[in-house]
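Residue strings, one per chain:
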Amino acid sequence: MTLEQLLLALKARYRIVLVAALVTVCVALAVSLATPKTYIATSAVVVDVKSADPIAGSILPALTQPSYMATQLDIIQSDRVASRVVTMLKMDQGDDVKAAWLKATDGKGSLVSWLAGGLRGALDAKPARDSNVIAISYKGRDPKLSADVANAFAQAFIDTSVELRTEPARRYLGYFDKQAQAARDRLEKAQTALSKFQRDNGIIVASDERYDVESARLSELSSQLSAIQGQKADSQSRVNQVKDSTASLQEVLQSPLVQSLKSEVARQEAKVQQMNQTLGPNNPAMQQAQAELRSLRSRLGGETQQIANGVATNNRVNVQREADLKAAVEAQKVRLLKLKQDRDSAAVLQRDVDGAKSAFDAVSQRQTQSNLESQSNQTNIAILNPAIEPSKAAGPRIGVNLAIALLAGLLLGTGAALLMEQMDRRVRSMTDLSRALGLPVLGALGGPVPHDTLIARLSGRPSRKPRLGFRGPLLGS
């Protein structure tokens, strides 16, 4: 159907279009007048995603993700928040409410969940554009109830957000309590083992100064051993010298008594030699002088032998001291190795204690943080603008409804007119006639020809009211 045919059809059947539009507008007006008034109250909440967490002291990465705001919207529209609103406003307390619930559900399910589902159907939560503000709107028939429900949703959203943060912290707290007790037991066990080891081995601390003292003592004993070994070598050489010649000993040469006795022996020998020239061997004076010489020589030999014996004794003392110092050095080495081993063992036990203490401190810190988070009532969400009781009804909007109804009626009427035209086609123009006969139109005579007359002419039957007349010029020839 061309545009011309469409316009001619609508022109011919305009009454149908007008009637359909009028009926639709009347119905819309009646429905609008019969529909109860509804009111929309809006409460605005702001979500702070940039402030640091008051307990952790850092900004959580999840707060900056684009999905965070979408998650908050899902929380607002969740059954948990709606159920909290029902409880806060005490909507489930009333015989009429329970009767309506029993009638609608036959007692199946929960009354609170049923009421929460109704609240969610009238709830609308939208974030502001390029902002962290969420508008929570509720549509109801009572303006005061709408404002109360919107504010209750905002407060329930805040309370639920706090619970969503504290509930995991409570679970974590129970876990960290067990871990802290286990870490404390390990620390006490490690500390007890260290204390017992220190007590059994006489170690005060792992870095006991006894090791340094014993090490210095070993060095001192080693020095004494080196010194006595030198003295032993010297005394041994003197003992060997005694075997060769006692008179050449240094002690003999340096002894004043030996030198004095040697001088007296020399004088006495000179005296005996001198007396031997004048006196005979049997002379009492000669015999007395010889007796004195023998006595001096005996004294000199005795003194020299005593010095030689002293050298031998000194050598034996040096040998004994060397043996004693060697034994002392070996014993000190064993003691020092044992002390080092004990200190290393104590250091290992101390590291166990330090590791257990570090683990206990870390778990205790997490336990304290979880405890604070489980008791925290702080959140990053705050009410920006509470909902107030609306003074004007949000619906029904009669003007808008009538305009929509008028448009719908015109479309409906147009559709009905076109449907009737398709069911009962009429020749409304020369184009329709040309298409119907398959012949070109040469001219038009008279006024519009009724439909039955045109059919009679085309079929060769006489029309009821023949009309003749000329209208317009003759076309063709």
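Since this is a predicted model, take the numbers as computed values, not measurements. (Residues numbered from 1 in each chain as written. Predicted model: local features only at pLDDT ≥ 70, side-chain atom pairs only at ≥ 80, totals over all residues. Heavy atoms only, no water.)

*Asks:* How should helix α6 (residues 111-121) be read in this particular structure?
*Replies:* In an α-helix there are 3.6 residues to a turn, and that puts residues three or four apart on one side. Among all positions of α6, only Leu-111, Val-112, Leu-115, Ala-116 and Leu-119 are buried. Projected down its long axis, α6 carries its buried residues within an arc of 130 degrees, all on one side. Tucked into the core, α6 has its buried residues touching α4 (79-89), α5 (95-105), β2 (123-127), β3 (133-140) and α7 (143-201). Where α6 starts, the residue carrying a side-chain oxygen 3.3 Å from the main-chain nitrogen of Val-112 turns out to be Ser-110. (Buried < 20%, exposed > 50% of the residue type's maximum accessible area, 1.4 Å probe, protein only. Helix = DSSP H or I, 4+ residues; strand = E, 2+ residues; numbered from the N terminus. Arc of directions from axis to C-beta. Contact = heavy atoms within 4.5 Å. Polar contact = N/O pair within 3.5 Å; in protein donor to acceptor, adjacent residues only side chain to side chain.)

*Asks:* I'm lost on the packing of helix α3 (residues 67-76) against α7 in this one. Help?
*Replies:* Two measures define how a pair of helices packs: the angle their axes make with one another and the distance between the axes. Interaxial distance between α3 and α7 falls to 10 Å at its minimum, and their mutual angle equals 115 degrees. Comparing the axis directions of α3 and α7 gives the class roughly perpendicular. Considering the relative orientation of α3 and α7, their crossing is right-handed. Counting all contacts with α3, which are made through Gln-72, Ile-75 and Ile-76, the residues of α7 involved are Phe-153, Phe-157, Thr-160, Ser-161 and Leu-164. Class assignment of the residues belonging to the contact of α3 with α7 gives a composition of five nonpolar, three polar and no charged. (Axes fitted to C-alpha atoms, helices over the stretch in contact; angles between N-to-C directions. Parallel < 35°, antiparallel > 145°, perpendicular 65-115°, else oblique. Left-handed = near helix turned anticlockwise from the far one by under 90°. Nonpolar A, V, L, I, M, F, W, Y, C, P; charged D, E, K, R; others polar.)

*Asks:* Can you help me understand the packing of α4 against α7 in this one?
*Replies:* Taken N-terminus to C-terminus, the directions of α4 and α7 make an angle of 120 degrees; their axes are 8 Å apart at the nearest point. By the angle class used here, α4 and α7 are oblique. At the point where α4 passes α7, the crossing takes the right-handed sense. Counted together, Arg-80, Val-81, Ala-82, Arg-84, Val-85, Met-88 and Leu-89 of α4 and Asp-148, Val-149, Ala-152, Phe-153, Gln-155, Ala-156, Phe-157, Asp-159, Thr-160, Glu-163, Leu-164 and Glu-167 of α7 form the full contact between these two elements. Considering only residue class, the contact of α4 with α7 consists of eleven nonpolar, two polar and six charged.

*Asks:* Looking at this model, I keep getting lost on the packing of aromatic side chains. Mind explaining?
*Replies:* Within a pair of aromatic rings, the relevant descriptors are the distance that separates the centres and the angle that separates the planes. Scanning the model with the defined rule gives one aromatic pair in all. Where Tyr-175 meets Phe-176, the ring centres are 5.4 Å apart and the plane angle is 65 degrees; that geometry is what we call edge-to-face. The exposure class assigned to Tyr-175 is partly exposed, which follows from its relative accessible area of 47%. Of the residues examined, Phe-176 reaches a relative accessible area of 14% and is grouped as buried. (Phe/Tyr/Trp six-rings, centres within 6.5 Å; stacked < 30°, edge-to-face > 60°.)

*Asks:* Just to check I follow, could you spell out a nonpolar patch on the surface for this structure?
*Replies:* Residues Val-19, Val-23, Val-27 and Val-31 make up a contiguous nonpolar surface patch of roughly 330 Å² in combined accessible area. Relative to the assigned elements, Val-19 resides in helix α2 (residues 14-34). (Patch = residues over 30% accessible without salt bridge, like charges linked within 9 Å, V, L, I, M, F, W, Y side chains within 5 Å. Areas by Shrake-Rupley, 256 points an atom, 1.4 Å probe, with all protein chains shown as cover. Salt bridge = Lys/Arg side-chain N within 4 Å of Asp/Glu carboxyl O.)

*Asks:* Before we go on, may I ask you to explain the side chain of Ser-32 in this structure?
*Replies:* Along the chain, Ser-32 falls in helix α2. Overall, Ser-32 belongs to the buried group, its relative accessible area being 5%. In terms of polar contacts, Ser-32 uses its side chain to reach the backbone carbonyl oxygen of Ala-28, at 2.7 Å. For Ser-32, the contacting residues outside a window of four places in its chain are Pro-396, Ile-398 and Asn-401.

*Asks:* Just checking my understanding: could you explain α5 for this structure?
*Replies:* Those residues of α5 lying buried are Val-97, Trp-101 and Thr-105. Here the buried residues of α5 occupy an arc of 40 degrees about the axis, which is enough to place them on one side. In α5, the exposed positions angled more than 90 degrees off the buried face are occupied by Asp-95, Asp-96 and Lys-103. Where α5 is buried, its residues meet α6. With its phi angle positive at about 60 degrees, Asp-106 sits one or two positions after the end of α5.

*Asks:* Please explain the environment of Val-213 as it appears in this structure.
*Replies:* Looking at the element boundaries, Val-213 is found in helix α8 (residues 210-244). Residue Val-213 is classed as exposed on the basis of its relative accessible area, which comes to 53%. Taking the C-alpha atoms as reference points, Val-213 and Leu-336, 123 residues apart in sequence, are found 9.6 Å from one another.

*Asks:* How do you make sense of the environment of Ile-404 when you look at a structure like this?
*Replies:* When you line up the elements, Ile-404 lands in helix α12 (residues 398-423). The exposed category is assigned to Ile-404, whose relative accessible area is 53%. Between the C-alpha atoms of Ile-404 and Val-25, which are 379 residues apart in sequence, the distance is 8.5 Å.

*Asks:* What exactly am I supposed to notice about the nonpolar core here?
*Replies:* Buried together is how nonpolar side chains tend to be arranged in soluble globular proteins. The biggest cluster of nonpolar side chains holds 37 residues, and the ones touching the most others in it are Leu-119, Ile-134, Ile-136 and Phe-153. Of all the secondary-structure elements, those providing two or more residues to this core are β1 (39-47), α3, α4, α5, α6, β2, β3 and α7. With nine residues, α7 is the largest single contributor of residues to this core. Ile-134 has contacts with Ser-43, Ala-44, Val-45, Val-47, Met-69, Gln-72, Leu-73, Ile-76, Lys-126 and Pro-127, leaving out every residue within four places of it along the chain. Of all hydrophobic cores here, the second largest spans ten residues; its members include Ala-183, Phe-197, Ala-346 and Ala-356. (Core = buried A, V, L, I, M, F, W, Y, C linked by side-chain atoms within 4.5 Å.)

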